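# Report on the structure
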Amino acid sequence: MSGHTIDPSLYRPRDVVPVRRALIAVSDKRGLVELATELVAAGVELVSTGGTGKAIADAGLPVTQVAEVTGYPEHLDGRVRTLHPAVHSGLLADLRLEHHETQLAELDIKPYELVVVNLYPFAETVASGAGEAEVVEQIDIGGPAMVRASAKNHANVAVVVSPDRYPEVAAAVTAGGTTLAQRQVLAREAFRHTASYDVAVASWIGSVVAPDQPAEESPFPAWVGGTWSKDADLRYGENSHQQAALFTSNGGRPGIAQAVQLHGKEMSYNNYVDADAAVRSAFDFDEPAVAIIKHANPCGIAVASAGASDPIADAHRRAHECDPVSAFGGVIAANRTVTLEMAETVSGIFTEVLIAPAFDAEALELLTKKKNIRLLTLPEGFEATTVELKQISGGMLLQQADQHFAPASEWTLAAGEPADEATLADLEFAWRACRAVKSNAILLASGGASVGVGMGQVNRVDSCKLAVERAGDRATGSVAASDAFFPFADGLQILLDGGVRAVVQPGGSVRDDEVVEAAKAAGVTMYFTGERHFFH
Ligand SMILES: NC(=O)c1ncn([C@@H]2O[C@H](COP(=O)(O)O)[C@@H](O)[C@H]2O)c1NC=O
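Residues numbered from 1 in each chain as written. Predicted model: local features only at pLDDT ≥ 70, side-chain atom pairs only at ≥ 80, totals over all residues. Heavy atoms only, no water.

### What to know about the overall build of the protein chain
What counts is decided by this rule: Secondary structure elements are taken from DSSP: a helix is a run of H or I of four residues or more, a strand is a run of E of two residues or more, and numbering for both begins at the N terminus. Partly exposed residues are those whose accessible area sits between 20% and 50% of the maximum for their type, while under 20% is buried and over 50% is exposed, using a 1.4 Å probe and protein chains only. We call two residues in contact when some of their heavy atoms are within 4.5 Å. All accessible areas in this document rest on Shrake-Rupley with a 1.4 Å probe, and a residue is counted as covered only by the protein chains that are shown. His is not counted, nor are the chain ends, whereas Lys and Arg count as positive and Asp and Glu as negative. Positions of charges follow a simple convention, taking NZ of Lys, CZ of Arg, CG of Asp or CD of Glu.
Looking only at helices and strands, one finds 19 helices and 21 strands in the protein chain. For the protein chain, with 536 residues in total, the buried portion stands at 46%. Within the protein chain, residue pairs in contact and separated by at least 24 positions form 56% of the contacts whose partners lie at least 6 positions apart. When the accessible area of the protein chain is evaluated, it comes to approximately 26100 Å², of which 52% is carbon and sulfur surface. If you average the places of the 42 positive and of the 68 negative side-chain charges in the protein chain, the two averages end up 6 Å apart.

### Comments concerning the pairing of strand S2 (residues 45-48)
To keep things clear, this is the line we draw: A pair of strands is labelled paired if DSSP reports no fewer than 2 bridges between them. By convention a crossover is right-handed if, when the strands point away from the viewer, the path from the first strand over the helix to the second runs clockwise.
Taken together, the four bridges between strand S1 (residues 21-26) and S2 define a ladder with parallel strand orientation. When the sheet's bridge partners are listed, Ile24 is paired in S2 with Ser48. Once you follow S1 into helix H1 (residues 32-41) and on to S2, the crossover reads as right-handed. Pairing of S2 with strand S3 (residues 64-65), which is carried by two bridges, proceeds in the parallel orientation. Looking at S3, one finds that Val47 is bridged to Thr64. Crossover connection from S2 via helix H2 (residues 50-58) to parallel S3: handedness right-handed.

### Examining the site of the ligand
The line we're drawing: Neighbouring residues are identified by heavy atoms, a residue being near a molecule or strand if any of them is within 4 Å of it. Within 3.5 Å is the distance limit for a polar contact, defined as a pair of N or O atoms, with the added protein rule that one can donate a hydrogen and the other accept it, and that residues adjacent in sequence qualify only through two side-chain atoms. Here the nonpolar group is Ala, Val, Leu, Ile, Met, Phe, Trp, Tyr, Cys and Pro; Asp, Glu, Lys and Arg are the charged ones; every other residue, Gly included, is treated as polar.
As a structural note, the neighbourhood of the ligand is formed by 23 residues, with Thr52, Arg81, Thr82, Asn118 and Asp140 the closest of them. The side chain of Thr52 places a nitrogen or oxygen atom 2.4 Å from an oxygen atom of the ligand. At a separation of 2.8 Å, an oxygen atom of the ligand approaches a polar backbone atom of Ile141. Contact with the protein chains removes 94% of the 530 Å² of surface that the ligand exposes when unbound. For the shell around the ligand, the elements supplying multiple residues, two or more each, are S1, H2, strand S4 (114-118) and helix H8 (142-152). Classifying every residue of the shell around the ligand gives nine nonpolar, 10 polar and four charged.

### Points about the nonpolar core
Stated formally: We define a nonpolar core as any set of buried Ala, Val, Leu, Ile, Met, Phe, Trp, Tyr and Cys residues linked to one another through side-chain atoms lying within 4.5 Å.
If you look at the biggest cluster of nonpolar residues, it comprises 47 residues, and the most contacted ones within it are Ile355, Trp411, Leu427 and Leu443. Sorting elements by how many residues they give to this core places helix H11 (residues 269-282) first, with six residues. Apart from the residues lying within four places of it in its own chain, the contact partners of Leu443 are Ile301, Ala430, Ala433, Cys434, Val437, Ser450, Gly452, Val453, Val479, Ala480 and Ala481. In terms of nonpolar packing, the next biggest core, distinct from the first, is built from 27 residues, Ala467, Val468, Val500 and Phe528 among them.

### Some words on the pattern of salt bridges
Definition in use: Salt bridges are counted wherever a side-chain nitrogen of Lys or Arg sits within 4 Å of a carboxyl oxygen of Asp or Glu.
Here the structure, examined in full by the defined rule, presents 24 salt bridges. The salt bridge partner of Glu101 is Arg12, with a shortest N-O separation of 2.7 Å. Of this pair, Glu101 sits in helix H5 (residues 98-106) while Arg12 is found in the segment before S1, placing the two residues 89 residues apart along the sequence. For Arg12, a relative accessible area of 31% puts it in the partly exposed group. For Arg374, the salt bridge goes to Glu352, with nearest N and O atoms at 2.8 Å. With Arg374 in strand S13 (residues 374-377) and Glu352 in strand S12 (residues 351-356), this residue pair connects regions lying 22 residues apart in the sequence. Within this structure, Asp284, Asp402, Arg432 and Arg435 form a network of salt bridges that share partners.

Printed below as a string of structure tokens:
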């Protein structure tokens, strides 16, 4: 049977509801005694579950244990405590309806006007690495039931799921009661809370207890849930006629969305997109590295040179030298603390955003003098994304992030002499750096720094032309990486004509022979990696 239909004329209006009786069952006991003290002072009768009731009683305040209300002791190891009509009828009675009031009186059940509940720490227990049995016991049943019942009945009951709301609710109670508008907002918060909680439970059971397929068949469950909360409305989206907002994931890994802004104007939509690309690129390296991004593509990536006195400053200087024209107004990510020396260079260049794990105090002091730069630190616990999501109309695509990287030791020599150690290191740098460049990607590098980047072209020939043109004289003697194979020898020929001396690419084209012949004819070393790094 679906829900009852009630004649709308039967509802008696109810706005301010004075609070006489409150049900409190909280796992997180922060602020509990303060709240209980204010409620008791306002003449409210408190009913509580075991631990909550004990904490209130220990503070010397009067409280009734819920077992006295239900007539049943808390049993089955606490699985059944509040699941009883004496509780739930008191939460669900719609006192705008005369017959609900009558039925409640006939059953001798007293209504609640305030419910304060927070749930067992399910997500925290999962995160702690606890075993299945322990996690199962942290699936709160009675709590969500009370929260949902009270939120449904917000015409009569105020439901509080966060200690942040205690002061305002206590003030309302003391002032004579909660208003309908207040209860509506609390109900909204309550349903979002239980929805997020159930998504966490459903995700855990579908990934840990009963995966839809064995992990070797698919790491993706047949159902994916997630909830996000709005962190900020942004000034506009990609363009000024598009509205946009930043949402942070509830319970996901912290990333750019949780970055802490230390200085500068509000982050824009494009700033977030570029900061994400910058971090993706710079944090792909273990050694000190800097990436400079424009329109989601790197216009300079470098690692510190061996023996540099200030490695991160050195990496930045060399990343900037790749393409100073494009770096104007860029978004920079550094994978190490920003030093004063790096700050001195950055402060001379118009930069939109600089994001790093931290800033030295002198660096921060210098950079905060610049009005236009935004300075951000990455959140604690930041880790690169392992699963990527792309929205398409009617659905989304999920994929594992491109985290597999074949080192030089796994490559095959396809043409020319084996590269010496320094050249091999440069090729490995170029191969890694090019996977942060939108396809078709060609990246020329020298000494652990990009010197020419050809990105996002619809054919590889144009990417080769771009990379060589941007590198200018620096193309001569550089090494090149191509994110996917050369379908013909024409693109490679542009690199060879530009003076590139070693190339790394996946190989695998039906015309590999032609490509290899062109490299051999030019006396150039070429390695095949056997894997590609498309990035769209
Ligand atoms: N079983 C029940 O009927 C039940 N009723 C309330 N709880 C939870 O018990 C906790 C409070 O317990 P205590 O007051 O004992 O610390 C709250 O997180 C509340 O959501 C229950 N626990 C789990 O389902």
